[in-house]
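Notes for the structure review
As a plain string of letters, each chain reads:
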Amino acid sequence: MAQAQRTVQCYHCRHRFPVGARAMTLSCPKCSKALRVDDIIIKTVEAVRKLQTCGSLTVTKKGRIIAQHVEAHGGVECEGIMEANVLSGGPVRIAAKSHWKGDCRAPSVSIEPGCVITGGMFVIPDNTLGLADLPGA
Amino acid sequence: MADAKETTVIGPDTHIKGDMSFDSTARIMGNFEGRITAKGDLQITDTATCKASVEATKVQVDGMVDGNVTARDRVELSSKARLKGDVVATRLIVAEGASFVGHCTVGPEAAKAIKSAGGGGSLSTGDNGEAHPEPKVVIPQRAEPAGRR
């Protein structure tokens, strides 16, 4: 029986390859670097330099990300606090009571009334990652 | 009706170049180039093309705007909206599918900035949209060990 697969794109070398639908981490067959392909949920404070995944990123109401660079190929949902320059391959949702500080590049964005956005550069739509033509996008 | 709001409509076959100011509500359906100041609401319809800096209490964008948008209350971008320029507003609502390229300042700080700029006065320093400094994300740096060079 064929296993369910999905196509991901390496965030180091941009190589595309199929992976198992339930895979969480693996290494890129081209550049051999480690890849995170799962969906990340941030429930508390996370202060990192880089946060990258081929899946989606969710910041819950009590969650907070402080980072220089955030990359999520499956999209970003922010209900808490985001302090980072974000590059998303999917839709970005900035919820009503959330705070956003930093840039945002995404194919589409949904900003709900009541959120606080501080001086970030927004580029919408943006297909820097070229994920729009990815199967299943 | 007596309670009906007066709305100024710039029709779809109109081309205007220059400055425009409205005391009440305005609806732009044509082409405009210059600067728009409205004390009330401003609606830019899907047939409109504005190459202008816009200031109003509430700005609703359904069409194309190339310029900075300042709203004392809120900016609404519909799914058909195409906005290229900086946004300063107390509230921002963006529908999925809208296009937006520019710096964004939304929230209480933006409201203070609008008030300090003279209650709806332009926050821009020039025509090139360089009003806001580059955003800086503060990252807690790891302290370097003493004695290492």
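Let me sum up the structure you'll find in this document.

So, how was this worked out
- Residues numbered from 1 in each chain as written.
- Chains lettered and ligands numbered in written order.
- Predicted model: local features only at pLDDT ≥ 70, side-chain atom pairs only at ≥ 80, totals over all residues.
- Heavy atoms only, no water.
- Contact = heavy atoms within 4.5 Å.
- Buried area = accessible area lost by both parts, 1.4 Å probe.
- Salt bridge = Lys/Arg side-chain N within 4 Å of Asp/Glu carboxyl O.
- Polar contact = N/O pair within 3.5 Å; in protein donor to acceptor, adjacent residues only side chain to side chain.
- Helix = DSSP H or I, 4+ residues; strand = E, 2+ residues; numbered from the N terminus.
- Nonpolar A, V, L, I, M, F, W, Y, C, P; charged D, E, K, R; others polar.
- Pairing = 2+ DSSP bridges.
- Buried < 20%, exposed > 50% of the residue type's maximum accessible area, 1.4 Å probe, protein only.

The next subject is the interface of chain A and chain B. Size of an interface: often given as the accessible area lost when the parts come together. Contact with chain A, which involves 31 residues of that partner, is made by 26 residues of chain B. Carbon and sulfur atoms supply 60% of the area that chain A and chain B bury against each other, a total of about 2,100 Å² over both sides. For the pair chain A and chain B, the interface holds zero salt bridges. Inspection of the region where chain A meets chain B yields seven residue pairs in polar contact (both at pLDDT 80 or more). When residues of the side of chain A that touches chain B are traced back to their parent elements, those giving at least two are strand E9 (64-72), strand E11 (81-88), strand E15 (109-111) and strand E16 (116-124) of chain A. Tallying contributions element by element places E16 of chain A first for the side of chain A that touches chain B, with nine residues. For the side of chain A that touches chain B, a count of residues per class yields 17 nonpolar, nine polar and five charged. Note that E16 of chain A and strand E11 (residues 99-106) of chain B share six bridges and pair antiparallel. Residue pairing for E11 of chain B: Met121 of chain A is matched across the bridge by His103 of chain B.

What the rule picks out here adds up to 12 salt bridges over all chains. For Asp38 of chain A, the salt bridge goes to Arg36 of chain A, with nearest N and O atoms at 3.1 Å. For Arg36 of chain A, a relative accessible area of 32% puts it in the partly exposed group. Here Arg35 of chain B makes a salt bridge to Glu55 of chain B, at a shortest N to O gap of 3.1 Å. Linking Arg35 of chain B in strand E4 (residues 31-38) with Glu55 of chain B in strand E6 (residues 49-61), this pair joins segments that are 20 residues apart in sequence. Salt bridges here are not isolated pairs; linked through shared partners, they connect Glu77, Glu79, Arg93 and Glu112 of chain A.

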